[in-house]
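# Examination of the molecular architecture
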Amino acid sequence: MSNLRPEEISSIIKSELENFSSQLKTESVGTVIQVGDAIARVYGLDDVMVNEIIEFPNNVLGMAVNLEEDSVGVIIFGKDNPDQKIKEGDVVKRTGKVVQVPVGDALIGRVVNALGSPIDGKGPIVTEKFRPIEFNAPDVISRQPINAPLQTGIKAVDAMIPIGRGQRELIIGDRQTGKTAVAIDTIINQKGKGVFCVYVAIGQKISSIVAIAETLKKYGAMDYTTIVSASSRASASSQYLAPYSGCAIGEEFMYNGKDVLVVYDDLSKHAQAYRQLALLLRRPPGREAYPGDIFYLHSRLLERSAKLSDSLGAGSLTALPIIETQGGDITSYIPTNVISITDGQIYLESDLFFSGIRPAINVGLSVSRVGGKAQAKAMRKVAGKVRLELAQYRELVTFLQFGSDLDKATQDQLNRGERIVEILKQGQYVPLSLAKQVILIFSGVNGLLDDLPVEKIKAFEVELYQFIAQKYPDLEKTIDSSGDISDETAEALKKAVGEFKLAFKK
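A few points on the structure. As the structure is a prediction and not an experimental result, all values here were calculated from the model.

Let's shift gears to the sheet that holds strand S6 (residues 91-98). Here we have six strands rolled up into a closed barrel, ordered S1-S2-S5-S4-S3-S6, and antiparallel in their pairing. Ignoring which end each strand starts from, the neighbouring axes of this sheet average 45° apart. Examined bridge by bridge, strand S4 (residues 61-67) and strand S5 (residues 72-76) share five bridges and lie antiparallel to one another. Counterpart to Asn66 in the pairing with S5 is Gly73.

Structure, rendered in structure tokens:
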């Protein structure tokens with residue numbers, strides 16, 4: 001064995017010292033001082049961030065929401081009383097991460113919970129992309145005016161309350177008036193149009209969410225749709241997070257230059273879940289016991305909808321928030337808040353629904369604040385008169401209750417109005433192409449249906465589509481491809497409808 005020389009020993013010691021690294025690890029920890037109702041109050045964690053994920057024992061996670069002087073309020077995630085796994089005195093840790101969800105193509109066709117974890121039994125979601133659930137809305141410079149239509153396939157909406165890509169259009173009405181039906185039909189109508197859809201279910205029965213997923217699958221819409229589910233049995237914290245998660249999933253597509261449609265069904269239950277959390281966190285209650293920042297809750301969500309500028313890829317995120325009213329009262333707190341944030345509303349009325357007018361859209365109270373700018377030219381040309389005709393018809397019907405005699409002009413107006421109401425009726429899950437809508441509304445406003453009995457209009461509509469598809473297929477193709485209706489097309493259409501009418505009457 002050879003002896004080591006002193007200089008060799010010193011060089012080894014020197015190199016060891018140079019390569020020495022400390023294995024010390026510092027963690028920011030706190031102690032649970034109170035827990036219950038899926039809320040924990042934690043002492044310590046002085047440097048925690050808002051919306052940061054907090055780690056409890058037993059793999060339970062939470063989110064820091066209340067940063068007070070001497071404690072931090074944390075909402076706890078999980079179902080079936082997750083706070084029972086936590087006790088006072090437990091040590092909690094910061095993770096340094098804010099709440100984020102997986103995003104990207106891997107989520108298309110999947111059903112996930114509020115944190116983006118799959119709940120459809122189809123295995124894990126494999127993606128390396130994540131987005132924070134809270135994200136700043138695009139600023140003024142990053143946006144451009146809304147100019148492209150988002151076709152819903154619903155005649156009454158596309159004709160009178162058009163929705164543009166990047167718009168926020170509220171669907172409002174009492175329960176069981178067809179609000180979800182309008183949203184689902186709109187999703188089904190996006191097939192083949194390159195629009196990705198996100199359906200956020202907040203506080204609904206699990207059976208309802210399953211039924212919606214089955215319907216979308218049946219019509220081939222799950223091929224471009226993600227469902228974010230926070231059912232009525234999910235915790236208030238999940239129901240609070242769900243719309244932000246859905247928005248983050250949609251934003252990933254928008255910032256990659258794609259068009260997205262997000263349905264929030266519904267924000268009334270979202271507000272109630274937030275009120276529950278806020279009261280448990282001892283935040284001061286305001287009007288109707290909602291916390292003071294209830295307006296900001298929805299404005300920071302809906303302002304993330306936009307039509308991005310060309311330099312950012314010209315993607316768009318269209319929002320269809322749904323609000324449930326009580327007894328048709330759209331002047332209560334949450335409805336007025338959301339009406340003032342959105343770019344218009346589709347108001348569905350119980351009386352119309354039960355009288356057989358479906359979709360039960362009240363034309364007087366419904367409006368699109370983007371309107372004609374986002375409407376296809378063909379629809380703008382033919383549907384301009386529809387709203388006016390309907391409004392005059394409703395006025396006359398009210399006036400008729402006084403039992404006055406009618407002159408011929410008034411009688412004609414009543415007849416026209418009756419037929420327009422009839423042609424705007426539409427069954428569920430049968431969204432129509434732009435051309436089909438234009439053909440029918442053109443026939444109605446130009447008086448081509450005035451001499452038909454009202455009860456035969458439905459049959460007339462069905463057979464008219466078949467007749468034009470067989471004999472004049474170019475008409476439909478021209479309207480659909482150009483999105484416009486020229487004078488020659490209008491003349492050809494008038495002739496075709498007249499020809500069909502003669503055959504239909506026989």
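Turning next to the packing of helix H12 (residues 434-445) against helix H15 (residues 487-505). Axes are the key here: two packed helices are described by the angle between their axes and the distance separating the axes. H15 packs onto H12 with a crossing angle of 75° between their chain directions and a minimal axis gap of 11 Å. On the basis of the axis angle, H12 is roughly perpendicular to H15. For the pair H12 and H15, the contacting residues are Ile439, Phe442 and Ser443 in the first and Ala490, Leu493, Lys494 and Val497 in the second. Taken together, the residues of the contact of H12 with H15 sort by class into five nonpolar, one polar and one charged.

Take the packing of aromatic side chains next. A complete count under the given rule lists 12 aromatic pairs for this structure. Considering the side-chain rings of Phe135 and Tyr255, the 6.0 Å spacing of their centres and the 75° angle between planes classify their relative orientation as edge-to-face. Note that Phe135 is positioned in the loop between strand S9 (130-132) and helix H2 (155-160) and Tyr255 in the loop between helix H5 (236-254) and strand S13 (259-265), a separation of 120 residues in sequence. On the basis of relative accessible area, Phe135 is assigned to the partly exposed category, the value being 36%. With relative accessibility at 27%, the residue Tyr255 sits in the partly exposed group. When the ring of Phe460 is compared with that of Phe500, the centres are 5.1 Å apart and the planes differ by 55°; the resulting orientation is tilted. Within this pair, whereas Phe460 is found in helix H13 (residues 457-471), its partner Phe500 is found in helix H15, the two being separated by 40 residues in sequence. An identical accessibility class is assigned to Phe460 and Phe500; each is buried. The rings of Phe460, Phe467, Tyr472, Phe500 and Phe504 are connected pair by pair, giving a single aromatic cluster. Geometry around Tyr296 places Arg300 over its ring, the cationic atom sitting 4.9 Å from the centre.

A word on the pattern of salt bridges. Any two side chains of opposite charge can pair, on the condition that their charged atoms come close. All chains considered together, the criterion is met by 26 salt bridges. With a closest N to O distance of 3.3 Å, Asp47 and Arg94 form a salt bridge. Here Asp47, found in the loop between strand S2 (39-44) and strand S3 (52-55), pairs with Arg94, found in strand S6; they are 47 residues apart in sequence, far enough to count as distant. Assessed through its relative accessible area of 45%, Asp47 is described here as partly exposed. A relative accessible area of 24% places Arg94 in the partly exposed class. Among the salt bridges present, the one from Asp266 reaches Lys269, with a minimum N-O distance of 2.9 Å. On the basis of relative accessible area, Asp266 is assigned to the buried category, the value being 3%.

On to the pairing of strand S12 (residues 225-230), then. Most of S12 sits out of view: six of its six residues are buried. Burial of S12 is two-sided: the residues Thr225, Ile227 and Ser229 facing one way and the residues Thr226, Val228 and Ala230 facing the other way are all buried. Alignment of strand S8 (residues 111-112) against S12, held across two bridges, turns out to be parallel. When the sheet's bridge partners are listed, Val111 is paired in S12 with Ile227. Relative to S12, strand S11 (residues 195-202) runs parallel, the two being bridged by six bridges. Note that in S12 the partner of Ala201 across the bridge is Ser229. Handedness of the crossover joining S11 and S12 through helix H4 (residues 206-218) is recorded here as right-handed.

Of note, the bond from Asp265 into Asp266 is cis; its omega dihedral lies within 30 degrees of zero at 0°. Cis geometry marks the peptide bond from Arg358 to Pro359; its omega dihedral reads 0°. Although it is not a glycine, Arg282 adopts a positive phi angle of roughly 65°. Examined against the element boundaries, Arg282 turns out to sit in the loop between helix H6 (267-280) and helix H7 (294-302). Residue Arg282 is classed as exposed on the basis of its relative accessible area, which comes to 66%.

Let us look at helix H3 (residues 179-188). Most of H3 is tucked away: nine of the 10 residues are buried. What H3 keeps buried is the set Lys179, Ala181, Val182, Ala183, Ile184, Asp185, Thr186, Ile187 and Ile188.

Turning our eyes to something else, we now look at the pairing of strand S15 (residues 316-324). The buried fraction of S15 amounts to eight of the nine residues, a majority that puts the element mostly inside the structure. As paired strands, strand S10 (residues 170-173) and S15 are joined by three bridges and run parallel to one another. Note that in S15 the partner of Ile172 across the bridge is Ile323. The pairing of S13 with S15 spans six bridges and is parallel. Looking at S15, one finds that Val263 is bridged to Leu320. Bridging between strand S14 (residues 306-307) and S15 involves two bridges; their strand directions are antiparallel. Directly across from Lys307, in S15, lies its bridge partner Ser316.

For helix H10 (residues 377-400), spanning 24 residues, the distance from its first C-alpha to its last is 36 Å, which sits close to the expected 34 Å at 1.5 Å a residue. Considering bend angle alone, the principal kink of H10 is centred on Ala383 and spans about 40°. By the burial criterion, the buried members of H10 are Ala378, Met379, Val382, Ala383, Val386, Glu389, Leu390, Tyr393 and Leu396. Looking at the buried residues of H10, the elements they touch are H2, helix H11 (408-423), H12 and helix H14 (473-482).

Below, the discussion takes up the packing of H12 against H14. Following both chains from N to C, one finds H12 and H14 inclined at 115°, their axes separated by 8 Å at the closest point. Between H12 and H14, the angle falls in the class roughly perpendicular. Viewed along their axes, H12 and H14 form a crossing whose handedness is right-handed. Contacts from Leu434, Ala435, Lys436, Val438 and Ile439 of H12 reach H14 at Glu476, Ile479 and Asp480. Each residue belonging to the contact of H12 with H14 can be placed in one class, and the counts come to five nonpolar, no polar and three charged.

Rules used throughout
- Residues numbered from 1 in each chain as written.
- Predicted model: local features only at pLDDT ≥ 70, side-chain atom pairs only at ≥ 80, totals over all residues.
- Heavy atoms only, no water.
- Pairing = 2+ DSSP bridges.
- Helix = DSSP H or I, 4+ residues; strand = E, 2+ residues; numbered from the N terminus.
- Axes fitted to C-alpha atoms, helices over the stretch in contact; angles between N-to-C directions.
- Parallel < 35°, antiparallel > 145°, perpendicular 65-115°, else oblique.
- Contact = heavy atoms within 4.5 Å.
- Nonpolar A, V, L, I, M, F, W, Y, C, P; charged D, E, K, R; others polar.
- Phe/Tyr/Trp six-rings, centres within 6.5 Å; stacked < 30°, edge-to-face > 60°.
- Buried < 20%, exposed > 50% of the residue type's maximum accessible area, 1.4 Å probe, protein only.
- Lys NZ or Arg CZ within 6 Å of the ring centre and 35° of its normal.
- Salt bridge = Lys/Arg side-chain N within 4 Å of Asp/Glu carboxyl O.
- Right-handed = clockwise from strand over helix to strand, strands pointing away.
- Expected span 1.5 Å × (residues − 1).
- Bend = angle between axes of the 7 residues up to and from the residue.
- Left-handed = near helix turned anticlockwise from the far one by under 90°.

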